[in-house]
Amino acid sequence: MTSGTGSPGSSSVPPVENLCLAEQFSGPDVQTQPMNLPGLSLDSEYDPFADIFATGDGGICDADGRPIEISAGIEFGTSSIRLASQIREQIDTGMLDLSRTINMDNVDELFDDDLTLSSVAQRELLSENIEATLLGHADFEEGETGDARWLRLSDDHMKTILWVMKECGTPNVPAFSALRAKQTQLTKELGVWTSHHMSAMGHRFSANAPAETFRLDFANPFVRPHMEFYPEVSSCVSEFWQAGKLLNEDVLDRLQPMWADWTRAKHRHYYVKELARLENNQLVIPLMWYRKDGAIWADAYNVTQEGGVRGTSNTSSESEPCVDLLRVDSSTIVTIRATDLRHNVLDLQAQGLNIQFTQDSPDALKEMPHPLRKIAKGRAMFSVNMMVWSDDVSGNRSKQYNPHTNVYLANLSLPHRKLQQEYFVRFCSTSPHASSSEQMNAVVENIGENNWHETYDCELNEEVMFRIIPRLLPADNPQQSETCSHIGLKGNFFCRRCGVGGKNEVKESNEGYHALFSPGTPRTPQETVAAIEEQLRAACLGVQETVNTLQAQTGVKDKIAQHWISILVPKARELQAQRIRNTHTCDARLRNDHIPAEVKQTIRHELTESIQCELFAWLIQQPPASFNALPPSSPLRNTLRPGDHYNPLLGQRSLNVHRDTPGEILHTYLLGQDK
C-alpha cells in the first residue's frame, strides 16, 4: 500500500537527486535515518489504517486527502532474486561503483558520453528505486514460467542490460548500435526464409518453410539436447515418441534411418535394411531403431553364409565357381543392442566380404549399400516428426472481427513440456483469403519422406541432413472437418473418422439411433480421394444436384475441389447448350429430322460424355503453372493432383487425416458436458 504523491513536509531530508546512488538505495543513513513525513509517525504503536477514509467515488484516501493506491506488490522469480543478490554482492565488494554523486545536469558525464542507455532508461535508473529497475530487467533467464528467456527485449531493456554489464566490469561489451547491426546481419544470413505462393484457387500468400524453422533447432544449443529421434519403449506414455503410432509404424522407412555411436565412432553410420556385423561376428540386418531403458536397440534379421552355392543366375552351369551367398532369416526377428555393432556394410565391403544374397532372400533387403548413402554423402541423417495445425483468428486488435487463417507448426521431436512454451510454436503462414487447405500445400512442398534438408548440428559440430514427417493434425472440430475433406458436423454423416450417421429417418429409427453409439466403418484417405474424383466427374456433367447428393451420401466435401466444381458446372452447362440444345450451333445430326428420336437421344448421351471427358482433361491441366512445371514423363500429368485439385494432406503417405486428427477436448467436452 503506497501513498499518492505529495509535497514533502520536512526539509531535513536531502533531495534524492543530491544523493549518490548507493546512499539513495543501499546506504545505511537512508535505512536508519527517520523521515518525518506529514501524517506518518514511526511510533511502533501507530496504526497505519486509523486515518484511512473511503471517498465517494469508491477510492481510498489518507487523513490529508491524498489518494491511496492498493498494490499486491511485485513477485520476482528466483532468477531475479539471484541477480539482485549478485548486484548487492558487487556493491558490497566495491566492484560495482555506485558512489558517484549524480544529478540530471551531469547525465552525459555519468554515462561517459556514450548514450548506450536511452534517456528513458537513464531517468528510470535515477528514479526512486534502482534495485527494482534492475530486477525489472533481470528476469530474462528461464524462471518458473519457462518462457521468460524467449521474451523479446525492447531497445530500452537492451540498453539497460548493456549498461549494467559495463558497470559490472564485463569485458568486450558491445555498443548498442553494434549489437543491433550484428543481429541484423545474422538474421539476413541465418534467418528464416519466407517464400511466396499462389494457391490453386488464385490466392497469394507467404509462408515460412517448416525446414527453415526446424533447422534452427539443430543449431540451437539450448534446444538440440532435448530433441529425441528414436521411438521409445516405455511403460507409460508422456511423450509423442513413446506412443504406439511410431512403435507400430507399418512403413519402417519413415522412422529414424540410421544410428551411430556418437561418442566413439560418430562417422560409422549403420542404416536400416543394410548388412552389419556384431562384435561376436554375427551378421545382421537392422530393421528399426528404438530406445529402451536408456539404450538404443534394434529389431533385426539374422544373416548366415551359405557355402558352396553356385551363382545366382538361372543359367548357372557346373563350370561357374562356387561362391558364398548370404541367406536372410526373415522368419524370426531378433533384438540387438546398438552398441554391439562393430562393422557396417562399408567396412564389410572393405574387408572383402562377397555381399550376394540367395534367391529366397527378401528383395527389399538386397540393395546394398542403402540408397540414402548417396544423398547423405557421409553426413548423419535424422527424421523429425512434425505437428501442423490451423485456426481462424482476427487480424485486428479491436473487437471488430477481421478473419485470418493461420497455420502453425511444432517439432514433435521435442518433449511435451517444451512444446507448451510459446517459443516452440512456430508460425508458418497467414492469409485473409487463402484457406487452410490452400496454405497446407506450401507446407507439403517442404516435407515428406524423400525431401531432405541440410543443417548444422551444434551437438555433433558438423553438417547433417534431416527430413520432416507429418504425424498429427490437431485443431478444433470445424477445422479438422476441413482438414479431412469432411462435410462438417451438420451433415448426415457427421463423423470425420468413420461412416456413422445417415438421413434423419435412419437416425431416428431404433436401429439407427443405437448405431450412433458404435463406431462405423473407418474412413480412409483413398476412399475420400475416390469420392472427390467422383464429385468432380459429376460436375463435368453440369448437374449441381448430383454433386450435392454425392456429398450428402458420403460426407465428403473438399474445399479445393469445391472451387473447381463451381467452375465445372457452369462450363458444362454452357458447352451442352452450345452443342446439344442450341439449334444453330448443335451437332448436325441433331438437326436431321430423318434420324429417329431414340438415335438422337443416344447422340445426346454421347455428346454429354464427350463434354465430360473434355472438361476432365481440362481440369487435369489446371492450374497451368503447376501443370507445366511437371516433368514430361511424370504420371501426375494424367491424373488429379493433391494440392491442385483436392486437399494436399490426402497425398501424404505418413498421414491418415481421418485417424490423425485427435478429438479436441475444449469444445467437445470442457465447454460441453463438463461445463
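Preceding this paragraph is the structure being described.
Residues numbered from 1 in each chain as written. Predicted model: local features only at pLDDT ≥ 70, side-chain atom pairs only at ≥ 80, totals over all residues. Heavy atoms only, no water.

J.: Would you take a moment to explain the overall build of the chain for this structure?
T.: Check the secondary structure of the chain and you find 23 helices and 19 strands. For the chain, with 675 residues in total, the buried portion stands at 42%. Contacts in the chain between residues at least 24 apart in sequence constitute 61% of all its contacts with a sequence separation of at least 6. (Helix = DSSP H or I, 4+ residues; strand = E, 2+ residues; numbered from the N terminus. Buried < 20%, exposed > 50% of the residue type's maximum accessible area, 1.4 Å probe, protein only. Contact = heavy atoms within 4.5 Å.)

J.: What is the right way to read the nonpolar core from this model?
T.: One finds Trp289, Leu341 and Leu536 to be the most contacted residues of the largest nonpolar core, which totals 95 residues. Counting residues per element, this core draws most heavily on helix α20 (residues 559-581), at eight residues. Contact partners of Leu341, with chain neighbours within four places excluded, come to Trp259, Tyr270, Ala276, Arg277, Leu278, Val284, Trp289 and Ile336. Within the second largest apolar cluster, 14 residues are counted, among which are Leu287, Tyr301, Leu348 and Leu353. (Core = buried A, V, L, I, M, F, W, Y, C linked by side-chain atoms within 4.5 Å.)

J.: Where do I start with the state of the cysteines in this structure?
T.: Tallied over the entire structure, the rule returns zero disulfides. Not engaged in a disulfide, the cysteine Cys540 finds its nearest cysteine sulfur in Cys613; these two sulfurs lie 8.7 Å apart. (Disulfide = S-S within 2.5 Å.)

J.: Would you take a moment to explain the pattern of salt bridges for this structure?
T.: Between side chains of opposite charge, pairing is possible as soon as their charged atoms come close. Evaluation of the coordinates by the stated rule reveals 26 salt bridges. Between Arg327 and Glu306 there is a salt bridge; the shortest N-O distance is 3.0 Å. Of this pair, Arg327 sits in strand β13 (residues 322-337) while Glu306 sits in strand β12 (residues 295-310), and the two are 21 residues apart along the sequence. Take Arg327: its relative accessible area is 30%, and that puts it in the partly exposed class. Taking relative accessible area as the criterion, Glu306 reaches 25% and is therefore assigned partly exposed. Note that Glu454 is salt-bridged to Arg379, the shortest N-O span being 3.0 Å. (Salt bridge = Lys/Arg side-chain N within 4 Å of Asp/Glu carboxyl O.)

J.: I keep staring at the packing of aromatic side chains and nothing clicks. Help me out?
T.: Each pair of aromatic rings is reported with the distance of its centres and the angle of its planes. In total, this model carries 12 aromatic pairs according to the counting rule given. Ring geometry for Trp259 and Trp289: centres 6.1 Å apart, planes at 35°, overall tilted. Note that Trp259 is positioned in strand β8 (residues 258-261) and Trp289 in strand β11 (residues 283-292), a separation of 30 residues in sequence. Comparing Trp259 with Trp289 shows no difference in burial state: the two are buried. Through successive ring pairs, a cluster of aromatic residues spans Phe218, Phe229, Trp262, Phe382 and Phe466. Geometry around Tyr423 places Arg426 over its ring, the cationic atom sitting 5.4 Å from the centre. (Phe/Tyr/Trp six-rings, centres within 6.5 Å; stacked < 30°, edge-to-face > 60°. Lys NZ or Arg CZ within 6 Å of the ring centre and 35° of its normal.)

J.: I would appreciate a short explanation of the side chain of Thr528 in the present structure.
T.: Following the sequence through the fold, Thr528 ends up in helix α18 (residues 525-539). Among residues more than four places away in sequence, those in contact with Thr528 are Cys484, Ser485, Val556, Leu650 and His658.

J.: Please clarify how the environment of Val543 should be interpreted in this entry.
T.: Within the element layout of this structure, Val543 appears in the loop between α18 and α19 (544-554). Overall, Val543 belongs to the partly exposed group, its relative accessible area being 34%. Separated by 27 residues in the primary sequence, Val543 and Pro570 have C-alpha atoms spaced 9.0 Å apart.

J.: When you look at α19 in this model, what are you seeing that I'm missing?
T.: Side chains of residues three or four places apart in an α-helix project in the same direction, reflecting 3.6 residues per turn. Buried within α19 we find Val547, Leu550 and Gln551. On an axial view of α19, the arc spanned by its buried residues comes to 95°, and they lie on one face. Residues of α19 that are exposed and angled more than 90 degrees away from the buried face: Glu545 and Gln553. Packed against the buried residues of α19 are α18 and α20. (Arc of directions from axis to C-beta.)

J.: Can you walk me through the packing of α20 against helix α21 (residues 597-620) in this structure?
T.: Packed helix pairs are specified by the crossing angle of their axes together with the interaxial distance, meaning the distance between the axes. It is the contact of α20 with α21, at a shortest axis distance of 10 Å, that shows an interaxial angle of 140°. It follows from the interaxial angle that α20 and α21 lie oblique. The two elements α20 and α21 meet at a crossing, and its hand is right-handed. Residues Trp564, Ile567, Leu568, Lys571, Ala572, Leu575, Gln576, Arg579 and Ile580 of α20 pack against Arg604, Leu607, Thr608, Ile611, Glu614, Leu615, Trp618 and Leu619 of α21. Within the contact of α20 with α21, the residues separate by chemical class into 11 nonpolar, two polar and four charged. (Axes fitted to C-alpha atoms, helices over the stretch in contact; angles between N-to-C directions. Parallel < 35°, antiparallel > 145°, perpendicular 65-115°, else oblique. Left-handed = near helix turned anticlockwise from the far one by under 90°. Nonpolar A, V, L, I, M, F, W, Y, C, P; charged D, E, K, R; others polar.)

J.: Explain the pairing of β8 here, please?
T.: Two faces make up the sheet, and in a regular strand the side chains alternate between them. Burial along β8 is two-sided: Met258 and Ala260 and Trp259 and Asp261, pointing in opposite directions, are all buried. With three bridges connecting them, β8 and strand β9 (residues 265-271) associate as antiparallel partners. Considered in β9, the bridge of Trp259 is made with Tyr270. If you look at the hairpin formed by β8 and β9, you'll find three residues sitting between the two strands. (Pairing = 2+ DSSP bridges.)

Remember, this is a structural readout, not a statement about activity or role.
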